[in-house]
Amino acid sequence: WFRCHLFLFVFVFCLFFLFFFFFFFFFFFFFFTRRNHIMTSLLRSSSLLGQRYSLNTSKPHSILLPLNKKIGTSKREISFREWFASLRGVRKGKEYERLRFPSIDSASNFSRLYSWGVGFDGQLGTGQNVDSNSALLVDLLKDENITSISCGIDHSSVVSDAGYAWCWGGNSQMQVGSDSQLVSDEVLVPEPMTKLYKYDLKQTASGWYHTMAISKNGTIFSWGNGHHGQLGIGTQFNVCDPHQLGPLSRKGVTKISCGAIHSAAVTQDGTLYTWGAHQGGQLGISAEENQMRPVPVENLTVKVKEVACGAFHTLFLGDDGNIYNLGSYGKLIKEKPFEPYSLLNEGANHDWQPRLVLKDEKIVSMTAGYNTNAAVNEKGELFLWSGRDKPTKMSFFKGNKVQKVALSPTHCAVISEDSDVFVWTVSDLYHPSPSAFSKPFFETFKQVKNISLGWNFGIATVNVPREEAELITETRRKQVLEKIKDYEKQKSK
């Protein structure tokens, strides 16, 4: 009797111990992984911090770019830094110690951002989750010179000439990098990546549910959905704050690209690194399991210059001017792009060996869509192909050369040598309707510089006339000087 009761007592005690152990484990795990988002959300609800963020919440971009040149005296420079920090809600000096001053020469190549298409998750950046059949100016970024743009499934990311980044749109997997994911799955206006202020950014890349960025010195960051290891940080958890990929950053990253659930990067020595999902061989390694951290592609015979990730395959451009492919083409188990955990490549073979796709054409740019691909050679000729089909030279423009091409799971777009844009659906990839080329997509714009496409939406940068660009930069400079003078007057009182 005594032994039975003792055994029962020990058994019950162990059950309680395991219950409380797992309870506290998961509690502290959740708190410490999400503490920044929880604390920020709580603090923003307070009136004290709400006053401090009054300018930041109404116009997060308000005067993000500093003066076109450094302020003359050190006193004024210090005052400007203090004012800039207070405007941004930055409390630590390290985060605003290194401010960047864009060159006045940027006025000769100033580009504004426009968006169009489906906007149910705020991916157009206009402040409303409504659709638009015409291109709309992204008003909160109208005074920023945008140099890099990228679209995911339902979110967008851009970089300005001064090295600052913004993200907006769907945030269900934290792909926008905003703590507002705790309250809402939508970010309707461009939100600055404040955690990356001290880095001089060069490019962003948007995957289906994750985002990456690189700085001009080759440092790489990632955030968003990491269920398949596509963030490259060693875990499968979603993260809101940008995480630096330290070992890869030390090699100096020059190019990045995001697929549906995998990622790729090119380093200064021409090595291609991949990570994330690998069920179709898109990582270019012999191992079949997913990779949580960047690994070099095996059996490379060329130095890599460019990389473009499709949904479940990877293209790269070698220094020989040829295009190679990694991975096979299958189909989604579910044709629902908004279910990130069901993105598996059904029916795909483990075709991981680099395969020559297009040679002897002196390719200068390329892009990859869902299972479609496009490339442009130095003659301005366009090549399109799908899956394992042979690339086909297209003759849509009757002598008009192609400058750039963009692909998404739903559409294809090209920019002609006259800076006109033409868009057609992927279902009519090889045989688009003649109406698609009867007139430019942007009838009022004649200087489209860059374009990126998402799921039934797109964003583009359009060059602004030099006179208007100079007026923008000069007006912005005067506004900052006036703010500094007001700040110094208040400080002297």
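What you see is a predicted model; the values in this text were computed from it and never measured.

### Regarding the overall build of the protein chain
- Helices and strands together make up the secondary structure of the protein chain, namely six helices and 29 strands.
- Taking all 493 residues of the protein chain together, the buried fraction comes to 53%.
- Pairs at least 24 residues apart make up 58% of the contacts formed inside the protein chain by residues separated by at least 6 positions.
- Accessible area for the protein chain stands at about 23,400 Å²; split by element, carbon and sulfur atoms hold 55% of it.

### A word on unusual backbone geometry
- In this structure, Ser419 takes a positive phi of about 65 degrees despite not being glycine.
- You can see Ser419 is positioned in the loop between strand S26 (411–416) and strand S27 (421–425).
- Residues other than glycine seldom take positive phi values, yet Asn456 does so here, at roughly 65 degrees.
- Looking at the element boundaries, Asn456 is found in the loop between strand S28 (448–453) and strand S29 (457–463).

### With respect to the confidence of the model for the protein chain
- Put simply, the protein chain has an average pLDDT of 77, and 73% of its residues get 70 or more.
- The low-confidence segment residues 32–99, where pLDDT is below 50, has 113 contacts with residues more than four positions distant or belonging to other chains.
- With pLDDT under 50 throughout, residues 331–342 is counted as low confidence; its partners more than four residues away or in other chains account for 35 contacts.

### Description of the pattern of salt bridges
- A complete count under the given rule lists six salt bridges for this structure.
- Asp139 serves as the salt-bridge partner of Lys142, at 3.7 Å between the closest nitrogen and oxygen.
- Looking at Asp139, the relative accessible area reads 43%, which means it is partly exposed.

### Points about the sheet that holds strand S1 (residues 111–117)
- If you trace the four strands from one edge of the open sheet to the other, you get S2-S1-S29-S28, paired in antiparallel fashion. In the strand order of this sheet, the two ends are held by strand S2 (132–137) and S28, each with one partner. Across the sheet, the mean angle from the axis of one strand to that of its neighbour is 20 degrees, orientation sign disregarded.

### What to know about the pairing of strand S3 (residues 146–151)
- Of all the six residues making up S3, five are buried; the element is thus mostly covered by neighbouring parts of the structure.
- As paired strands, S3 and strand S4 (residues 155–160) are joined by five bridges and run antiparallel to one another. In the sheet register, Ser150 faces S4, and the bridge partner there is Ser157.

### Quick word on the nonpolar core
- Among the nonpolar cores identified, the biggest contains 41 residues, and Leu113, Val158 and Ile220 are the most heavily contacted of them.
- In terms of residue count, the dominant contributor to this core is strand S5 (residues 165–170) (four residues).
- Leave out the neighbours within four places in its chain, and Val158 touches Leu113, Leu141, Ile146, Ser148, Ile149, Tyr164, Ala165, Trp166, Trp168, Thr204 and Ile459.
- Core analysis: the second largest hydrophobic core is formed by 16 residues, Ala374, Phe396, Cys412 and Val414 among them.

### Description of the state of the cysteines
- Applying the stated criterion across every chain, the model contains zero disulfides.
- Summary of cysteine pairing: Cys258 is not part of a disulfide, and the nearest cysteine sulfur, belonging to Cys309, is at 6.9 Å.

### With respect to the environment of Val364
- Within the secondary structure, Val364 is located in strand S21 (residues 363–368).
- With 59 residues separating them along the chain, Val364 and Lys305 place their C-alpha atoms 9.8 Å apart.

### Details of the sheet that holds strand S24 (residues 392–394)
- Read across the open sheet, the four strands follow the order S21-S22-S23-S24; overall the sheet is antiparallel. Both outer strands of the open sheet, S21 and S24, are each paired with one neighbouring strand and no more. Along the sheet, successive strands turn relative to each other by an average axial angle of 25 degrees, direction set aside.
- In this sheet, strand S22 (residues 372–377) lies alongside S21 in antiparallel orientation, the contact comprising five bridges. Residue pairing for S22: Ser365 is matched across the bridge by Val376.

### Regarding the packing of aromatic side chains
- Under the criterion given, the structure shown has four aromatic pairs.
- Ring centres 6.2 Å apart and planes at 40 degrees place the aromatic pair Trp208 and Tyr370 in the tilted group. Of the two residues, Trp208 is situated in the loop between strand S7 (201–206) and strand S8 (210–215) and Tyr370 in the loop between S21 and S22; the sequence distance between them amounts to 162 residues.
- Here Trp208 falls in the buried class, since its relative accessible area comes to 9%.

Reading the values: the criteria
- Within any chain, residue numbers begin from 1 and follow the written order of that chain's sequence.
- In keeping with the model being predicted, local features are shown solely for residues with a pLDDT of at least 70 and side-chain atom pairs are shown and tallied solely at 80 or more, while totals for entire chains, interfaces and linings include all residues.
- Think of the side-chain values as coming from all heavy atoms in the structure, minus any hydrogens and water.
- Going along the chain from the N terminus, every DSSP run of H or I of four or more residues is numbered as a helix, and every run of E of two or more is numbered as a strand.
- Throughout, exposure labels follow a simple rule: accessible area from a 1.4 Å probe, protein chains only, divided by the maximum for the residue type, with under 20% read as buried, over 50% as exposed, and the rest as partly exposed.
- Contact definition: two residues touch when any of their heavy atoms are within 4.5 Å.
- Residue exposure ignores everything except the shown protein chains as possible cover, and the areas themselves are Shrake-Rupley values with a 1.4 Å probe.
- A residue's pLDDT is the confidence the predictor assigns to it, expressed on a 0 to 100 scale.
- Each reported salt bridge corresponds to a side-chain nitrogen of Lys or Arg within 4 Å of a carboxyl oxygen of Asp or Glu.
- One requirement defines pairing of two strands: DSSP has to find at least two bridges between them.
- Structural elements are reduced to axes, namely lines fitted to C-alpha atoms, with helices fitted over the stretch in contact, and the angle between N-to-C directions of any two is expressed from 0 to 180 degrees.
- Remark: nonpolar core denotes a set of buried residues (Ala, Val, Leu, Ile, Met, Phe, Trp, Tyr, Cys) joined through side-chain atoms within 4.5 Å.
- In plain terms, two cysteine sulfur atoms within 2.5 Å form what is called a disulfide here.
- In this scheme Phe, Tyr and Trp rings, the latter by its six-membered ring, pair at centre separations within 6.5 Å, and the angle between planes marks the pair as stacked below 30 degrees, edge-to-face above 60, and tilted otherwise.

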